[in-house]
Amino acid sequence: MYIRLASHLNQSIMAQFHSLEQALKHYFGYDAFRPGQQQIVEQALQNRDQLVVMPTGGGKSLCFQLPALLQSGLTIVVSPLMALMQDQVEALRDNGIGATFLNSSLNSKAVRDREQKILERQIKLLYVAPERLLSERFLPFLDLIKEKIGVSAFAIDEAHCVSEWGHDFRPEYRQLRFLRQRYRDVPTIALTATATDRVRQDIIQQLALAQPSIHIASFNRPNLYYEVQPKQKQSYKQLLKLIQRTEGSGIVYCLSRRKVDEVTLKLKQDGIAALPYHAGLSDAERVENQTRFIRDDVQVMVATIAFGMGINKPDVRFVIHYDLPRTLESYYQESGRAGRDGEPALCTLLFGYGDIKTIEYLIDQKSDPKEQRIARQQLRQVLDYAEGTDCRRAIVLGYFGERIEGNCGNCDNCLYPQPLHDWTLEAMKFLSCVARCKERFGMNHIIEVLRGSKNQRILQYGHHNLSTHGIGQDKSAEEWRLLGRSLLHQGLVAQTSDGYPVLKLNALSWEVMRRQRSVYIAVPTASKPVVEDKQDIRAEDAERLFQRLRSLRKQIADKQSVPPYVVFADSSLKQMANLRPQSLEDFGKIPGVGSHKLAQYGSQFVNEIEAYCQEHNSPRLSDTLSLTLELYQQGCNVEEIAQKRQLHSSTITGHLAQLIERNQPVDLDQLVAPERQQSILQAIQAVGLNSLKSIYEHLGQSYSYDEIRLVVARWQLYYT
Ligand code: ADP
Ligand code: ZN
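Residues numbered from 1 in each chain as written. Chains lettered and ligands numbered in written order. Predicted model: local features only at pLDDT ≥ 70, side-chain atom pairs only at ≥ 80, totals over all residues. Heavy atoms only, no water.

1. Points about the overall build of the protein
In terms of regular secondary structure, the protein is built from 37 helices and 17 strands. For 720 residues, the compact-globule formula gives about 27 Å, and the C-alpha radius of gyration of the protein, at 29 Å, lands near that figure. Seen along its three principal axes, the alpha-carbon backbone of the protein occupies a region of about 85 × 80 × 60 Å. Counting the 720 residues in the protein, one finds 54% classified as buried. Pairs at least 24 apart in sequence give 70% of the contacts found in the protein among residues at least 6 apart. Per element, the accessible surface of the protein, about 33100 Å² overall, is 48% carbon and sulfur. Taken as two groups, the 87 positive and 82 negative side-chain charges of the protein have centres that lie 4 Å from each other. (Helix = DSSP H or I, 4+ residues; strand = E, 2+ residues; numbered from the N terminus. Rg over C-alpha atoms; globule rule 2.2 N^0.38 Å. Buried < 20%, exposed > 50% of the residue type's maximum accessible area, 1.4 Å probe, protein only. Contact = heavy atoms within 4.5 Å. Areas by Shrake-Rupley, 256 points an atom, 1.4 Å probe, with all protein chains shown as cover. Lys, Arg positive; Asp, Glu negative; His and termini not counted. Charge placed at Lys NZ, Arg CZ, Asp CG, Glu CD.)

In C-alpha cells:
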C-alpha cells in the first residue's frame, strides 16, 4: 500500500521487497517492528512532519534510518554529541549501510572525501552537528546536494535540546528553524525521550513542525526489574554482592566524586574490573574510560550523574544507585540506561535514611527559596518511591502521568507483595479531612488534624473544631503517611507540584468517599526476601556456548575497533546458543542477522558453534524437534502443530516438553496457566520427580498428564 502512496520512493529499491518487514529484516536483521515503528516509517514515507517520543531503548533511530534507505536522496541527521554520531554510524556501517558524519574532529581532507562520497550517492544517511549544518560553508553544499541528489528528510535527534525547559538546552538547536524556511518541501522528523509535555510542545513550536503527526510511546520499560533495598550497615559488601550476581555490564551511580573513587578502588581490590567517571577527571580520561566500558574491557562503570547522556551501550544489565537520586525523573532516566536492548535488566536503589540528611544538607545550601522548595518536593517524591509499597513501575509512570493497572510482575513490590489490608474506612476519614480543610493543605497537616494535634497552625486555622479533628488517633502518624502515600500512588488523591504540595481531591477520591470504591493498602510486615538472581536461568550448556560466542564477538569487534554490540546484540548470541544453527541459511533466521551480517560473520559463527558442539558432544535438536519448534515460534498452538504435522497432539506436547528441558524458547505460561503450574509444583515437591503417575494421583486427577509433563520438564531444567 505504501508503494502506491509515495512517488518519491526509490522504486528500484522497493521492488526488492514485498513488505516493510522484509526490508527491516534485510537491512537490520529484525523480524518485527517494535510498537509504533511501522506507523512512523509509513508516515515518513508519505513525507509527513513527525514528532516521535519514545523512552530510551524504544528504537527511535530505526524510525528515520529505514525510510532513508527506501527513499531516493540523502537523509540529514542532526545529533548533538560526537559520541552518539560515531556510534550510530558504526552500527549502520556494520549493517552494510552507507552512512557517515561530519563534525569538528575531522581535518579538511577527510571532510572533502566524505563530501565527494555523498555526491557520488554512496551515502544514505549523513550525521551532522547543528552548528555545522548552519555554517556558511555547509549551506551551499546542502543546496548542491538538494539539487543533484535530493534531501529526503531532516531527522532531529535528541530534539529536546531545542527547549529551555528540557534538561539539556543547546542554543544552536534554535537555529534549526531556519532549515525549515530554506527547504520548505523537506519533511522533518523530531525525536526525543523527554517525558514532559511542556518540552514536547516547545519542540513542535521551535522547529515549526507543520501539522506533525505525533507519536508518544508508553514510557513503561517492561524488561526492567525495579527494586529498592534498605542500605545495610556494611553497604559496600551489599553493593559487591549485587554486582557479583550478574556477569554483564553495569553502572553504579554515587553522589560525589570522592565516593566514586573510593568505590572504584574497593571494587578493583575485590577483583571486579571497574573504572571511575566524574567531572574531576580530564576529558581524555573520561573518553578513555567510557570507551573501555562500551567495548566490554571492564564490567562496571562507577560514576556520578556526569555519566550517561549519549551513552548508547544497549547491553547494560544493571544500574545500581548507591545513593539517592535527586528526582524521580532523573531516577527514571538514569536507571533507564539499563536494558536498552530489551533483554532483562535490574534497576536497584539502595536506600539509607542517612542519605536523606545528605540531600537535605545540599538543598539547604541553595540560595533561592523557590529552588529549595522545589528540590524538597522532588526529594519527597523520591522518598515516596523508595518507601512505597505499591508497584514501583506504577509509581514512576504515575509521575509522568501514565497509569498502569494491577500487578506488573517485574518489581519487588509486585513479586513479593506485602499483605493487603482493607483501609477503605481510613481512606474515607483521610479524604474527608482533606475536604474539610478545603483542599488547601499538605499531607502533614492533614495527619496532624486526624491525630487530634492542637499545634499552633491548627489552632490558627480553627481546625481543632473540624468534625474530622482527632478521628484518627487509633493509627500512628507513620501509618497515616503510608495511607496518604498509597492513595497518591493509586491515583485516589492528587497533589500540586509547584513546590507547595497541597492535596486535592479528584473524581476517584469522591468515589471512595461515597463508598463506591474500596481501598487496599499493602502494609509492610517483616523484611521481604531479596532476589538473589533474576537473570535468565539458562541451561549450563547454552550458557557455556553463549560465553564462547561472546568472546568470538569481542575478538571481531576489537579487530574492527567497534563495540561488541555493534557486531551482534546479546539477544542474538543467546538465540544462537539456544538454536545452534548448522547452516548459513538457518543462521540468517536468527533475529538481528541481516543480509550484510550474514555475509560478513555468518561462517565464523557457524564454525564456532559447530566446533563447540563437536567438542562437547552436545546433541543438536533432532529434525522432528526443530520442526515442532519452528511451527511453535510461528505462533501455532499444540492442536495446530499436530494437525500440520499429522501427529498426535500428545506427541507434540512431548516435543514441547523436550524443548523446555533443553531450554529452548518455549513459554510454559502459554501452555499451562501459572496457578495450575503452582499446584503441580507443590505436588512435585510432595512426591518427587520420579513418576508422573504418582504426581497425577497426588493431584486428585484434576490435572492432565500433558500439563504435568510440561511442568516437570521445566522443573528438571532448573533443579537437576
Ligand atoms: P533509542 O534511540 O530509542 O534509545 P535505539 O534506536 O538505540 O533506541 O534502539 C535501541 C535498541 O533496540 C538497539 O539495540 C536497536 O538495535 C534495537 N532495536 C530497534 N528496533 C528494533 C526492532 N524492531 N527489533 C529488535 N531490536 C530493535
Ligand atoms: Zn510492579
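2. Some details on the pattern of salt bridges
Counted according to the given criterion, the structure contains 32 salt bridges. For Arg-180, the salt bridge is made with Asp-49, and the minimal N-O distance between the two is 2.9 Å. On the criterion of sequence distance, the pair formed by Arg-180 in helix α11 (residues 177–182) and Asp-49 in the loop between α4 (37–45) and β1 (50–53) is long-range, its members being 131 residues apart. Classification of Arg-180 by relative accessible area gives buried; the value is 14%. For Asp-49, a relative accessible area of 6% corresponds to the buried category. A salt bridge links Asp-283 to Arg-286; its shortest N-O distance comes to 2.9 Å. In this pair, Asp-283 and Arg-286 both sit in helix α15 (residues 283–294), 3 residues apart, roughly one turn of the helix. Residue classification places Asp-283 among the exposed residues on the basis of a relative accessible area of 57%. A single salt-bridge network, built from bridges that share partners, covers Lys-231, Lys-259, Asp-323 and Asp-355. (Salt bridge = Lys/Arg side-chain N within 4 Å of Asp/Glu carboxyl O.)

3. Observations regarding the packing of helix α18 (residues 369–387) against helix α24 (residues 477–489)
As a packed pair, α18 and α24 sit with axes 11 Å apart at the nearest point and diverge in direction by 100°. Here α18 is positioned roughly perpendicular relative to α24, judged by the angle of their axes. Packed against α18, whose contacting residues are Arg-380, Asp-384 and Glu-387, the element α24 presents Arg-481, Arg-485 and His-489 at the interface. (Axes fitted to C-alpha atoms, helices over the stretch in contact; angles between N-to-C directions. Parallel < 35°, antiparallel > 145°, perpendicular 65-115°, else oblique.)

4. Focus: the packing of aromatic side chains
According to the stated counting rule, one finds 16 aromatic pairs in the structure shown. Seen from their ring centres, Tyr-696 and Tyr-705 are 4.2 Å apart, and the 15° between their planes marks the pair as stacked. Ring pairs connect the aromatic residues Phe-219, Tyr-332, Tyr-399 and Phe-400, which therefore count as one cluster. The residue whose ring lies beneath Lys-231 is Tyr-322, and the NZ or CZ to ring-centre distance is 5.0 Å. One cation-aromatic arrangement involves Arg-676 over Tyr-703; the distance from NZ or CZ to the ring centre is 4.1 Å. (Phe/Tyr/Trp six-rings, centres within 6.5 Å; stacked < 30°, edge-to-face > 60°. Lys NZ or Arg CZ within 6 Å of the ring centre and 35° of its normal.)

5. Examining the coordination of the zinc ion (ligand 2)
Distances from the zinc ion (ligand 2) to its protein donors, Cys-391 (SG), Cys-408 (SG), Cys-411 (SG) and Cys-414 (SG), fall at 2.3 to 2.4 Å. Taken together, the 4 donor atoms surrounding the zinc ion (ligand 2) define angles of 100 to 118° at the centre, an arrangement classified as tetrahedral. In the primary sequence, the donor residues of the zinc ion (ligand 2) line up as C-x16-C-x2-C-x2-C. Of this pair, Cys-391 sits in the loop between α18 and α19 (392–399) while Cys-411 sits in the loop between α19 and α20 (412–415); the two residues are 20 residues apart in sequence, bridging distant segments of the chain. Residue Cys-391 shares its accessibility class with Cys-411, and that shared class is buried. (Donors = N, O, S within 2.8 Å, 3.2 Å for Na, K, Ca; no water. Tetrahedral: all angles 85-135°; square planar, octahedral: opposite > 155°, others 65-115°.)

6. Digging into the site of ligand 1
If you check the shell around ligand 1, you find 14 residues, and the closest are Tyr-30, Gly-57, Lys-60, Ser-61 and Arg-340. Tyr-30 is positioned with one of its side-chain polar atoms (N or O) 2.4 Å from an oxygen atom of ligand 1. At 2.6 Å from an oxygen atom of ligand 1 is found a main-chain nitrogen or oxygen belonging to Gly-57. Residue classes in the shell around ligand 1 are distributed as 5 nonpolar, 6 polar and 3 charged. (Near = heavy atom within 4 Å. Polar contact = N/O pair within 3.5 Å; in protein donor to acceptor, adjacent residues only side chain to side chain. Nonpolar A, V, L, I, M, F, W, Y, C, P; charged D, E, K, R; others polar.)

7. Looking at the pairing of strand β2 (residues 74–78)
Burial runs high along β2: 5 of the 5 residues are buried. Side chains Leu-74, Ile-76 and Val-78 of β2 all project onto a buried face; the interleaved residues Thr-75 and Val-77 project onto the opposite face, where all are buried too. As paired strands, β2 and strand β4 (residues 125–128) are joined by 4 bridges and run parallel to one another. Looking at the pairing, Val-77 lines up with Tyr-127 of β4. (Pairing = 2+ DSSP bridges.)

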